[in-house]
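Observations on the three-dimensional arrangement
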There are 2 protein chains.
Amino acid sequence: MLVTALTERLRRIVGERHYRDDKEALIAHSYDGTPMLQSLPDGVIYPESTSQVSEIMQALAEYRVPVVSRGSGSNLCGGTVPVQGGVVMVMHRMNRLLEVDKENLTATVQPGMITAEFIAQIESLGLFYPPDPSSMKISTIGGNIAECSGGLRGLKYGTTKDYVIGLEAVLASGEIVRTGGKLMKDVAGYDLTKLLVGSEGTLAIITEATLKLIPPPAEKKTMLAMYKDLYGAARTVSRIIEAKIIPATLEFMDNPTIRVVDDFAKLGLPRDMEAILLIEQDGAAETVERDIARIRDICEQENADRIEVAETREHADKLLTARRSAFTALARLRPTTILEDATVPRSRIADMVLRINEIARKYEVSIATFGHAGDGNLHPTATTDARDKEEVHRVELAFEEIFEAAIALGGTITGEHGVGAVKAPYLEWKIGKAGIDVMKNIKLAFDPHNLLNPGKIFAKETRKRVVIERG
Amino acid sequence: MLVTALTERLRRIVGERHYRDDKEALIAHSYDGTPMLQSLPDGVIYPESTSQVSEIMQALAEYRVPVVSRGSGSNLCGGTVPVQGGVVMVMHRMNRLLEVDKENLTATVQPGMITAEFIAQIESLGLFYPPDPSSMKISTIGGNIAECSGGLRGLKYGTTKDYVIGLEAVLASGEIVRTGGKLMKDVAGYDLTKLLVGSEGTLAIITEATLKLIPPPAEKKTMLAMYKDLYGAARTVSRIIEAKIIPATLEFMDNPTIRVVDDFAKLGLPRDMEAILLIEQDGAAETVERDIARIRDICEQENADRIEVAETREHADKLLTARRSAFTALARLRPTTILEDATVPRSRIADMVLRINEIARKYEVSIATFGHAGDGNLHPTATTDARDKEEVHRVELAFEEIFEAAIALGGTITGEHGVGAVKAPYLEWKIGKAGIDVMKNIKLAFDPHNLLNPGKIFAKETRKRVVIERG
């Protein structure tokens, strides 16, 4: 519970209606897209301007009350669960597209704008903003920036980080900083812009972003290739890149995912395939045609059992549905779905998928894997039941071993979902003790009293590594 | 002078020959590419491995002796001048290309490798590393990373930052950290990789880098467009981008530069032109042809007086020579050449060039401007004589006013050269007091005793802003 003097001050800043501490508001903001993690905040506040955010932060800093800023809370790492209570700051009222500058190819936007709405507006102006996280129909631009969201177009176009060129942010003290600008180049001091992207609300509260836009590709073509041999699919991925083709999209689904998706979406997918690749290329018409033809050749050489190239946009949408519905389809299977984010160098995808399958068998848990093959970014997804503590424990052990396997293959514990609360115990496995110490010092540099999203990224204790027993 | 116990320890680490404190070595490492800035170090050390760098840093930390790591010292911001003495660490012995991974399209390289040699090796393997700073024949990859170097291909391909995906670095304590990896996506904690790029040797010493490579473009075409009207040239730049064409190169030279370059390189350039644009497009053959034709149309609509499209590689090289020789040609005019780096949103280039000309007239100094028009990154270049203190003072006042003008137009004090010692007094103009405070805290987070390249980025005092008198 916050002291009355503070809640009164917060109400004065945003207006009576926009600070809430009734039970409904607290419960609604006690969880996010992450299963099995809940913690009540003390209050929920909805600012409508940067100056309000600044005033709120001054008040919270004075009273040493933690704050978790969030958009829609669609993250999967417990990134916006208020694990230490305090105030949840919801950015949905700051949701305007402030400017599209066609000469400089930039957009300036408030953090609470829904990503899909932003993309729709940008595309209606004949421009292109590539980051397209699967959550984009509900997630916000601010949330995407906080987590450095990826998406299906990351291989060719990069992730959110590659498009954020300027930020306005409020520091823990309430001070306002502006970084970067409508500038393609700026090396005036440390790159605070890129440091804030992916910092998960732990360094500052983002109140405005300047995003780089690019010209849209003229054409796009979509195909599926299906394999009875997992390594054939994996070799196809590597050989496409080695052939110096960078597809816009290069996605992967394993056999368990294929079955579940087909049950759900009735697409008539062949249920005996070990892997499906979804491949898209975009660009100038001639380039697209040539690349798709060369990719088709590679798929054939690697013994794809079936190849479908979409001839119409409707056909392409149907092929895309297979991949786009993977999470939804898996989520229907059992009460609890835990989607992870282990990432490896793209040359190690098949090794990683096989290790995931081995680990799932070892712990007798059900894990389906899909993801961004071209990026080496896999989403092993466990379907389980939160009420079955014993099974959930086995799932956790399996994921621990999956993180360890990813790192052993030169990979990382998270490619695009963030560390949050859930992966904090494993961060040291990736970056080592010296790396953790540097990051903690950076956190202190921004937020000396640990008020911004405390309990995230850094764990009280690093998990001991499990011993991997092969076979 | 360092105490004998320390110099003996340093000699034991690297071997007798690789630590020097004779006068020749000290003088040779007392300056860099920046005019009018010199300061003697106490010693010069040449490590050959990461573990040596780590041992050196442990020794220097113990004795609280500053260290300036450097490659060839070709920077233009005083970034590698040992302004507080101490040890200069020269990375030239760590100059190997450790690996090119064709499946993952990455190269792993030591910091002391010369950039042009690296690019040549990468291109001989049929791959492409785009950052091409003008200094690349002498500058090193490590120096490029420290300064986040740009180049002529930045508009389409980005700068060094966009290609560094993993680093090994030694901290001030001597601890070794590894960030990122052969990973297209990694959000495991704060992005230390991007934070170290452009940190000018003030946060850590880079000992190894993993760089992203891309497939090379199939074709390239080069053209020049010449204008009697500066605004026609500037509008051409904006209209090309608005037409959704992103050229590989889009460079600008003003009239003073044109005259000097023509004197120097005897290219037969028309000396009455106010501006020349050098434009290159690369990619698939059809795309290149189409884009160059469309760009040509735009140049004609904007009343270009002369347009030359290179039909052969030799012809293209001749056109490129005009731009590539700008600095060398200007440097021949008078004893001292000061090349600056003010950057504005690309839509403001003409305004910026006119302001530069106004400012040069006001202070009666000679400034020629060329640069990366597509990026809004201009290089106003003063030719002067360091011995004429009064004139040099006027040049400094002019540059102060140029920085202020760039910021007033939404720009920055440096686009690709870094802050170093030279622009430190102006950094606060760009990022404000709160921004400076955050950056200083980050510096302390990495380097609590201020041993890594002290006296850079942060000035003892911020310069007062000059009053801009218009007209």
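Each value, and the rule that gives it
- Residues numbered from 1 in each chain as written.
- Chains lettered and ligands numbered in written order.
- Predicted model: local features only at pLDDT ≥ 70, side-chain atom pairs only at ≥ 80, totals over all residues.
- Heavy atoms only, no water.
- UniProt positions renumbered as here; feature names shortened; annotations may be inferred.
- Buried < 20%, exposed > 50% of the residue type's maximum accessible area, 1.4 Å probe, protein only.
- Helix = DSSP H or I, 4+ residues; strand = E, 2+ residues; numbered from the N terminus.
- Arc of directions from axis to C-beta.
- Contact = heavy atoms within 4.5 Å.
- Least-squares fit on C-alpha atoms with pLDDT ≥ 70 in both.
- Phe/Tyr/Trp six-rings, centres within 6.5 Å; stacked < 30°, edge-to-face > 60°.
- Salt bridge = Lys/Arg side-chain N within 4 Å of Asp/Glu carboxyl O.

An unreviewed UniProt entry annotates chain A as FAD-binding protein originating from Cohnella cholangitidis. Quoted straight from UniProt, the Sequence similarities (unreviewed entry) entry for chain A says "Belongs to the FAD-binding oxidoreductase/transferase type 4 family."

1. Quick word on helix α4 (residues 115-124) of chain B
All names here are of chain B. Of all the residues in α4, the buried ones are Thr115, Phe118, Ile119 and Ile122. Looking straight down α4, one finds its buried side chains confined to an arc of 95 degrees; they lie on one side. On the buried face of α4, the contacting elements are β5 (97-101), β6 (106-109), α5 (141-147) and β9 (205-212). Within two residues after α4, Gly126 carries a phi angle of roughly 80 degrees, on the positive side.

2. What to know about the relation of the copies chain A and chain B
Relative to chain B, chain A is turned by 180 degrees and slid 0.0 Å along the rotation axis, the superposed coordinates differing by an RMSD of 0.0 Å. Such values leave the two copies arranged in the relation of a two-fold axis. Closest approach to the rotation axis within chain A is made by the C-alpha atom of A:Ile442, at a distance of 2.8 Å. A symmetric contact is evident, with 100% of the interface residues of chain A recurring at the interface of chain B.

3. Quick notes on the packing of aromatic side chains
All names here are of chain A. Enumeration according to the criterion identifies 14 aromatic pairs over all chains in this entry. Taken together, a centroid distance of 4.9 Å and an interplanar angle of 55 degrees make the contact between Phe403 and Tyr426 tilted. Of this pair, Phe403 sits in helix α14 (residues 389-408) while Tyr426 sits in the loop between α14 and α15 (427-446); the two residues are 23 residues apart in sequence, bridging distant segments of the chain.

4. Section: the pattern of salt bridges
Per the counting criterion, the structure on display carries 80 salt bridges over all chains. Notably, a salt bridge pairs A:Lys433 with A:Asp437, separated by 2.9 Å at the nearest N-O pair. Pair noted here: A:Lys433 and A:Asp437 are both in helix α15, with a separation of four residues, about one helical turn. On the accessibility criterion, A:Lys433 (48% relative accessible area) is partly exposed. The partner of B:Glu308 in a salt bridge is B:Arg306, with the nearest N and O atoms 3.4 Å apart. Given a relative accessible area of 21%, B:Glu308 falls into the partly exposed group. By relative accessible area, which is 34% here, B:Arg306 ends up partly exposed. When salt bridges that share partners are traced, they join A:Lys220, A:Glu280, A:Arg313 and A:Asp317 into one network.

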